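What follows is each chain in one-letter form.
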Amino acid sequence: MEESREPTRGTGGCCSGRSGPVRGSSGRLRLDAPQLRRLLGDSGVHAELQNTRMARLLPPAGTEVFRRLSPASLQEMEHRQQEEEEERQRRKEQKIKVELEAGKPLPFFYGDPPPELLSTPLEELDPYYQSQKTFIVVAKGNVVHRFDAAPSCFLLGPLSGVRTAAIRLLVHPFFSVFMMVTILLHFVLMASSWQPGWGEAPEYVFTAVYLFEVVVKVLSRGFCVGRFSFLRDPWNWLDSVLIVLACVRFCVTLVNLSALRTFRILQFLSTVTQGLKTTAGALVQSVKRLGDVMILTVFFLSVFALIGLQLFMGNLRHKCVIWPINFTDIDTSKPFSFQEYITNTTNQYYLPGQLDALLCGNSSDAGMCPEGFTCIKAGNNPNYGFTNFDSFGWAFLSAFRLMTWDFWENLCMLTLRSAGKTYVIFFMIITFLGSFYLLNLILAVVVMAYTELNEGIAAEAKRKEDEYNQILKALKKREKEAACGHSASAEVKTHEQGHTAVDAEKEKDRRTCPSCCYDFAGGVLKWNCCGCWRQVKQRLHAFVMNPFFDLGITICMIVNTIFLAMEHYPMTAAFDEMLCIGNLVFTGILVAEMLLKLLAMDPYYYFQVGWNIFDSIVVFTALLELVLADVSGFPLLRSFRLLRVFKLVKSWLPHSRPWKIIKNSLGALANLLLVLFIVLIIFAEVGRQLFGRSYQDCVCKISYDCELPRWHMNDLYHAFLIMFRALCGEWIETMWDCMEVAGQAQCLIFYMVFVFICKLLVANLFLALVLSAFRNTPAATEEKSNMQIAMSRIWTLLGKSHAEPEHAGVDKKAEDRKEYLALTSVASDQPSSDALAAVRVPLATDDDSDDLMEKDTKEDFHKQPSVCSTMMKTPVAAEKKEEDLKSRQPKDCCDAGCYRCCPWLDVDVSRGPGKVWLHLRKTCFSIVEHTSFEAFMTVVILLSCGVLAFEDIYLEQRPALRAILEYTELVFTYIFVTEMLLKWVAYGLRAYFTNAWCWLDFLIVNVSVMHLTASALGFSGISPLRSLRALRSLKTLCRCEGMKVVAGALVGAIPSLLQVLLVCLTIWLIFGIMGVNLFAGKFHYCFNETSEEYFHREDVGNKSECLMLVGMDYHEVRWKNIRINFDHIGMAYLALLQVATFKGWMDIMYAAVDTTKIEDQPFYEANPYMYLYFVLFAIFGSLFTLQLFTGVIIESFRQQKAKLEEADVFMTESQRKYHKAMKKLGSKKPLKPVPRPQNACQGLVFDLVTNKWFEIFVAVMICLSMVVLMLETDDQSEEKEVILYWMHFFFISLFTVECCLRIFGLRRHFFADCWNILDFVVILMSVVGLFLADLIEKYFISPVLFRVVRLTRVFLVLRLIRFTKGIRMLLGTLKKSLPALLSVGVLLFLIMFIYSIFGMYSFAYVKHGGATDDMWNFETFGNSIISLFMSTVTGTWDGMLFPIMSTPPDCDPYLGNPGTSVIGDCGKPTAGIVFFSSYVILTFLMAITFITIVLESYRELTEERAEPLCEDDFDMFYENWQRFDPAASQFIQYSALSDFCDTLLHPLRIPKPNAVKLMNMDLPLVSGDKIHCLDILLALTSEVLGDSGEMDDLKASVKERFMANNPSKVSYEPVSSTRSKKQEEEAASVIQRAYKKHQEEPRKQGKEEPGDIPAEEDEKLPVLPPAEEQSIA
């Protein structure tokens, strides 16, 4: 090696004559010894190199390079590692300054940058970015822009002239404005129907502009490298894609992708206000969170689609065909084809005006065919063939349609008509789970996303405000310290001057106009000419500010509103003249009010009040209407009178919280409407670009006359209307038209995307906005307004007592108490706790923790009997009742006042008749309080309700049944009377009649008694009394705790609901009056009843020409009016109710759009812009206003729940979290894992079935089996049936083998898991159904139901839920809310039952029409309940109301009904309107209650999930515990503690090395060095949440309850602790070391004492680090 190295050294060093680094054998450079000495000895060279990049390679100067490793070295390494860790932690915890984010204005405390520094690169101000190589640019308006300092496109540095110029252009405000104008202009040209002959020239120009924008952005920001580069901004992705597509389209002919250009308008969302960004951000966050919800939704819809596929496959093709075949009408020249005969539409039965043939079925409860027809499977499915269950895809679409409630009643009617009414259960289940649960889950996600964003923005604003206040305080403190050197007088003077200067400066800042304008206004608009005038002004000011002046104006506005609402059609000339005179009078009053206020306040101060400006606008429009009254072309000026209604809001606003909420949410509503408009306009233009030409080319497929229908996408306006209609929930019908003319795939994708974005996300933001406004709006102020002061003075003058202000608080409390005691007691003398128990929402919990922590209280509560089964029991009342039960001493019958008035009522109960009376009362008390009596009365109530269902139109034809029903009615009445008398005696009249539920019983019993009395006396016309017997079903409310609680909660919200109802009616009044002004008398038309066609405008122009035809004996001609119109305000309210529920609104809208003039014949879309009236009402009157009801009920539930949790008021947030964690902790205990069998074969099977890969394989097989089930279709070939049969056989065999393996490996433990039991039952049913199919179908169930049995294997997919945390939380929401949902569902069914009985007695004989036919009517209870089910909220209640609104000549009032004495088939319009309006309102409240329950359950679970410790963490703890404690002894060895804590997951995990931390926990040890699970879990919980001395009692309580349920720990007392154990070990180690040292001394002298430790044992002794050894010493 030396020889080989020598020539190299001579060549490289000696021959050159200079020294240098030597290259070693490894190829790396190294320094020789002299060079190293010179380097280390020369401090200058060393210092110079320290400033270069080689500094990190240099050793410390003046020290040796190589040092021996020592304990000091280890300490130094630990110190350096700790410093680096602290530095990383500091950088990690350092957050971005929100106020310095890009796009935000520069904070004021930085000051304004010099003009020469604007739009130029500046050094970074945010400490977070200072180490990340970025710089900022401050543009005009002090807006911050941030860029990467790295070279743009690897060429242009931050100081490059090209990049600086690009940055100046990019950050200039004109550039953004120019691009926005360009995008708008481009969109207008695309959407415009006017296309000049420019060809592709505009596209080239716009593409060049967009390309120039991209080039500027890329040059200034870079392309993709860097955090702030071009492609790092998602808004630029769309630009890139569109530009590439445009450039390619210019070169190559592609599919029409011009619709994608519409999405450029989304760039508005990135450049507008913060509120709009919040709305858009909520949508983005909602989409991110909807993953689990959409998976769960798709799963449920797939299950329902599979069930529908098996139940209704091919049923919707059954039609009524002429039978028997008339061969005389058949062409004999060609052979007869039966298939052609049944598919020929001329041989099928059609109802008048229907596009599809009448469906029928072959089951007993299906639709029947008319005489001469038979039911045969023939032809296509309804609605162009798109409504069916013939394949999984169409079945899935039908299930999705049912879930979204779009035209679902039509699908329900068609299916039940073809399959039978029994299958209405399928639709009820999918409505409950799909609409009331899944849709509300999506709503909950959107609401939570919007709420969290708003809360984050509010918290950031609060933080920023606090920081600014601190800065201002610091500045003031600095100024104060600087002024301390001045004298006191100078200081005061300076202080005053400073205040004056500050006030002047603030005044100047508030001014938006130049100072000269204010000087001119002050001189001209302030009228202070003389002293006399000032006195007049003072008196005028006192007059207009008098409370009675405001009261008078308010009364005038109320009367004016009444005058506005009195307009109707037709009006007499005298009535019209009266309204005109009234308008002049009220206009004069408004002008006088304005003039008086102007004179009293001066115009300068008058126009500084917002309401005064509004008043001036009202006066100006009123005067303008009077001036232009005789000028045609200004009919809309009458609508400006409606502004006067808003003057009433001025009086309501200070004391009406709903109006405050509307006022506070206007800004957010404007942002939401802008987002909604942008999204709708984008989808409308995309639809026009994609499908517009198809509507024009294929219009004959969807229109008989080949004219464009009302709903098409041939122009942007109609496309926008289609999108808005789909937003309102009606998308399926327009999608059918689109699929028919443009193809199924692209229309289906387009509509599904729209429904997801707009219907499920954007529309739900209306509720999120309202709920946010409810949280941010305080309660109504208690300060009295002028009107209230005036009213109080009037009451004082009338001699009425008035509450003093100091009693306001007491009255308010009493008022609140009455509100929550509405269903508890008529009086308000009961404690508030009664009310709280009455209105508690029955939400279940995820676990039994609440039962564990509150076991005693709840047991005592539920064990108490109930007075009338209605007397509300609370802990206080329960204790009193228990005392009464012990003493068996009922309370006094009467009040003390009764005893004073009637002393003879007060008898001695210790002897004589009084004692007998007392024994009688005790006996009655024991009877009514006995559980058997309650059960008996419940059965009687249910039987009495069931009896009412038999009283249909066929009852008079069944005399035997009628006699039985009369006898049972008599028996039931006697029983109810007896019950009432028993309770009178038992409880006393006072207790009975001070309970609302007992009052309800009393009224129901009186109705039954009055009915029997009237029947016995032979009175006619007792049908109303007979129908009122349906109210007896309300007696079940007081016996069902869940329904009673829900009803109590709703009643508790009645005051707030009435306020919202008043607001809603006011807004609807404005639209109603506007509708009367626009459409009154214009909905009439001339109609040919024979051909059922409208006359064309060319044939009949107006009413006179139509009546002329009638006078010419054309009896089939009529001048008709649609039944729902705007002829007066009452009918306008009904029309608006249909529009608000989006049922029946199409006919109203069509009539409005076709209107021309009063008494003129309408024609097709004569006034198409009347669509906008309904669009505006749908937004403000339905989508927004009706959400106020939801907000009120949710807030009411939260308030009542908060009052129930008053015990937590005095806890801090951390204490509350600790308390919740302790409650969850106490409900858990370790479970014993399934032991591995001793048998070798069973052990192998056990290992197989418990392997996670086995679970994954089974999950894949389950999914594949579902796919096989989805492959079935109607009319499939025999080969396909055979293949599917064997595939079913394979999967059933596979699952059977899997189940047997599990049973063999797990043994009896298999049946200890509910999931395994579900698997076993499903597989058993599948096997039975597969091998005994023929036998089952022949003797037991129908083939259809057998196919459903096979679907039970679908539920095997539920096993996968165990592996998905998100879906488990969603199902936890269902579990938590299920009891309350069931209670609301039962209450909804109760309402449907009552209304169905009312309908049977009131509308059973109404002529069929609209949605009523031979199956859907009120003739029988079954038909009635199904009809009301389909009329629920979004159902076809308008179609049910249509025939009830019929009057002669549309019906015959003298028509006889066979088998009954009832005459006529006309409806009862007033009764029908009241019936359906009240039903829709009640079911709407029930739907809101469903929303409330799901929202609250999801919110609570989300909050629990966001807590430091949630349920899953404790489950994870015990799952890991099973591996260390197989015997479930609840103890593990101390030696396993370190490994156990390391296997846990965050946040309970303590990673290794964890010995010191576990020692410091000081865990108690029992004999055998064992630790209990509860001690470990409590210690880990304290480690996560932080320990507090205040929680020691809670810990002790949890331990006591845990040991009471788990007595294994009681017999083990702690003998030591982990800290003591560690100290013992360390002490033993020290002793051993000392002993070792003692023994080493003789060894050194060559001696060995007896008892010395051998060397090999000595080496095993533990050696401690010096630091620990010193600490122990």
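The structure this text deals with has already been given above.
**A word on the pattern of salt bridges**
- All told, the structure shown has 40 salt bridges when counted by the stated rule.
- One salt bridge in this structure joins arginine 688 and glutamate 685, with 2.9 Å as the shortest N-O distance. Taken together, the residues arginine 688 and glutamate 685, both in helix α23 (residues 666-697) and three residues apart, mark about one turn of the helix.
- Overall, glutamate 685 belongs to the buried group, its relative accessible area being 0%.
- Of the charged contacts, one joins lysine 1376 and glutamate 1500 as a salt bridge, the two residues approaching to 3.2 Å between their closest N and O atoms.

**A few points about a nonpolar patch on the surface**
- A cluster of nonpolar residues, Phe1311, Ile1317, Phe1320, Val1321, Leu1324, Met1325 and Val1328, forms a patch on the protein surface that exposes about 540 Å² of accessible area.
- Looking at the secondary structure, you find valine 1321 in helix α51 (residues 1314-1331).
- On the basis of relative accessibility, which here comes to 39%, the residue valine 1321 falls in the partly exposed class.

**What to know about the sheet that holds strand β10 (residues 1117-1121)**
- Across the sheet, which stays open at both edges, the three strands sit in the order β9-β8-β10 with antiparallel pairing between neighbours. Where the open sheet ends on each side, the last strands, each with one partner, are β9 (1093-1094) and β10.
- Of the strands in this sheet, β8 (1084-1088) and β10 are in contact with helix α42 (residues 1103-1111), which crosses β10 at around 140 degrees.

**Regarding the state of the cysteines**
- Tallying each qualifying case throughout the model produces six disulfides.
- With its sulfur 2.1 Å from that of its partner, cysteine 320 forms a disulfide with cysteine 369. Because the torsion about its S-S bond is -90 degrees, the bridge between cysteine 320 and cysteine 369 counts as left-handed. Here cysteine 369 lies in the loop between α11 (338-343) and β7 (373-377) and cysteine 320 lies in strand β6 (residues 318-322), a separation of 49 residues in the sequence.
- What makes cysteine 320 buried here is its relative accessible area of 0%.
- Note that cysteine 700 is cross-linked by a disulfide to cysteine 706, the S-S spacing being 2.1 Å. On the sign convention where negative is left-handed, the bridge of cysteine 700 and cysteine 706, at about 125 degrees about the S-S bond, is right-handed.

**A word on unusual backbone geometry**
- Of the consecutive residues tyrosine 569 and proline 570, the connecting peptide bond is found in the cis state with omega at -5 degrees.
- Here proline 570 shows up in the loop between α18 (547-565) and α19 (573-606).
- Residue proline 1449 is bonded to the preceding proline 1448 through a cis peptide linkage, with omega at 10 degrees.
- Tracing the sequence through the fold places proline 1449 in the loop between α56 (1437-1444) and α57 (1469-1506).
- Here tyrosine 384, not a glycine, exhibits a phi torsion of approximately 60 degrees, which is positive.
- Here tyrosine 384 is to be found in the loop between β7 and α12 (392-403).
- Here tyrosine 384 falls in the partly exposed class, since its relative accessible area comes to 34%.

**Describing helix α24 (residues 716-727)**
- Along its 12 residues, α24 runs 16 Å from first to last C-alpha, staying within 8% of the 16 Å computed at 1.5 Å per residue.
- Among the 12 residues in α24, 11 count as buried, and that is most of the element.
- Near the N-terminus of α24, the side chain that reaches the backbone nitrogen of tyrosine 717, with its oxygen 3.2 Å away, is that of aspartate 715.

**Details of the packing of helix α6 (residues 173-191) against α23**
- Relative to each other, α6 and α23 sit at 40 degrees, their axes nearing to 11 Å. When the axes of α6 and α23 are compared, the pair comes out oblique. Read as a crossing pair, α6 and α23 show a hand that is left-handed. In contact with Phe187, Met190 and Ala191 of α6, α23 contributes Ile681, Glu685, Arg688 and Gln689.
- Split into classes, the residues belonging to the contact of α6 with α23 amount to four nonpolar, one polar and two charged.

**Remarks on the environment of tryptophan 997**
- As for its position among the elements, tryptophan 997 is in helix α38 (residues 996-1017).
- A C-alpha to C-alpha distance of 9.7 Å links tryptophan 997 and lysine 1044, two positions 47 residues apart in sequence.

**Some thoughts on the sheet that holds strand β5 (residues 144-148)**
- In space, the three strands of this open sheet follow the order β3-β4-β5, with antiparallel pairing throughout. Since the sheet does not close on itself, it has two edges, and those belong to β3 (121-122) and β5, each with one partner.
- Summarising the sheet, β3 and strand β4 (residues 134-138) pair through two bridges and their orientation is antiparallel. Paired with leucine 122 across the two strands is isoleucine 136, which belongs to β4.
- Of the strands in this sheet, β3, β4 and β5 touch helix α5 (residues 161-171), which is tilted by about 150 degrees from β5.

**Quick word on the environment of phenylalanine 1142**
- As for its placement among the helices and strands, phenylalanine 1142 is situated in the loop between α43 (1129-1140) and α44 (1145-1153).
- Each C-alpha atom, one on phenylalanine 1142 and one on threonine 1434, is 7.4 Å from the other, the two residues being 292 residues apart in sequence.
- Phenylalanine 1142 has contacts with Cys728, Glu730, Ala1178, Ser1182 and Leu1183, leaving out every residue within four places of it along the chain.

**Describing the packing of aromatic side chains**
- This structure, assessed with the given rule, holds 76 aromatic pairs.
- Through pairs of rings, three or more aromatic residues link up here, namely Trp1068, Phe1071, Phe1079, Phe1083, Phe1126, Tyr1173, Phe1174 and Phe1177.
- Just above the ring of phenylalanine 147 sits the side chain of arginine 221; from NZ or CZ to the centre is 4.4 Å.
- Here the basic side chain of arginine 1123 rests over the ring of phenylalanine 1442, its NZ or CZ set 4.1 Å away from the ring centre.

**Brief notes about the side chain of threonine 1155**
- Mapped onto the elements of the fold, threonine 1155 is located in the loop between α44 and α45 (1171-1184).
- Judged by relative accessible area, which is 5%, threonine 1155 ranks as buried.
- In this structure the side chain of threonine 1155 is engaged in a polar contact, spanning 2.7 Å, whose partner is the backbone oxygen of alanine 1152.
- What threonine 1155 contacts, discounting residues up to four positions off in sequence, is Phe1079, Lys1082, Phe1083, Pro1162, Ala1166 and Asn1167.

**Remarks on the pairing of β10**
- Where burial is concerned, most of β10 is hidden: four out of the five residues are buried.
- Here β8 runs beside β10; their pairing, made up of five bridges, is antiparallel. From the neighbouring strand, asparagine 1088 faces β10, where its bridge partner is valine 1117.

**A word on the packing of α12 against helix α26 (residues 744-762)**
- The N-to-C vectors of α12 and α26 enclose an angle of 30 degrees; their axes lie 14 Å apart at closest approach. By the angle class used here, α12 and α26 are roughly parallel. Note on packing geometry: the crossing formed by α12 with α26 is left-handed. Mapping the contact onto sequence places Trp394, Leu397 and Phe400 in α12 and Gln744, Leu748, Met752 and Val755 in α26.
- Tallied by class, the residues present in the contact of α12 with α26 amount to six nonpolar, one polar and no charged.

**A word on the side chain of glutamine 689**
- Looking at the secondary structure, you find glutamine 689 in helix α23.
- At 2.6 Å, the side chain of glutamine 689 and the side chain of glutamate 685 are in polar contact.

Criteria and cut-off values
- Residues numbered from 1 in each chain as written.
- Predicted model: local features only at pLDDT ≥ 70, side-chain atom pairs only at ≥ 80, totals over all residues.
- Heavy atoms only, no water.
- Salt bridge = Lys/Arg side-chain N within 4 Å of Asp/Glu carboxyl O.
- Helix = DSSP H or I, 4+ residues; strand = E, 2+ residues; numbered from the N terminus.
- Buried < 20%, exposed > 50% of the residue type's maximum accessible area, 1.4 Å probe, protein only.
- Patch = residues over 30% accessible without salt bridge, like charges linked within 9 Å, V, L, I, M, F, W, Y side chains within 5 Å.
- Areas by Shrake-Rupley, 256 points an atom, 1.4 Å probe, with all protein chains shown as cover.
- Pairing = 2+ DSSP bridges.
- Contact = heavy atoms within 4.5 Å.
- Axes fitted to C-alpha atoms, helices over the stretch in contact; angles between N-to-C directions.
- Disulfide = S-S within 2.5 Å.
- Expected span 1.5 Å × (residues − 1).
- Polar contact = N/O pair within 3.5 Å; in protein donor to acceptor, adjacent residues only side chain to side chain.
- Parallel < 35°, antiparallel > 145°, perpendicular 65-115°, else oblique.
- Left-handed = near helix turned anticlockwise from the far one by under 90°.
- Nonpolar A, V, L, I, M, F, W, Y, C, P; charged D, E, K, R; others polar.
- Phe/Tyr/Trp six-rings, centres within 6.5 Å; stacked < 30°, edge-to-face > 60°.
- Lys NZ or Arg CZ within 6 Å of the ring centre and 35° of its normal.

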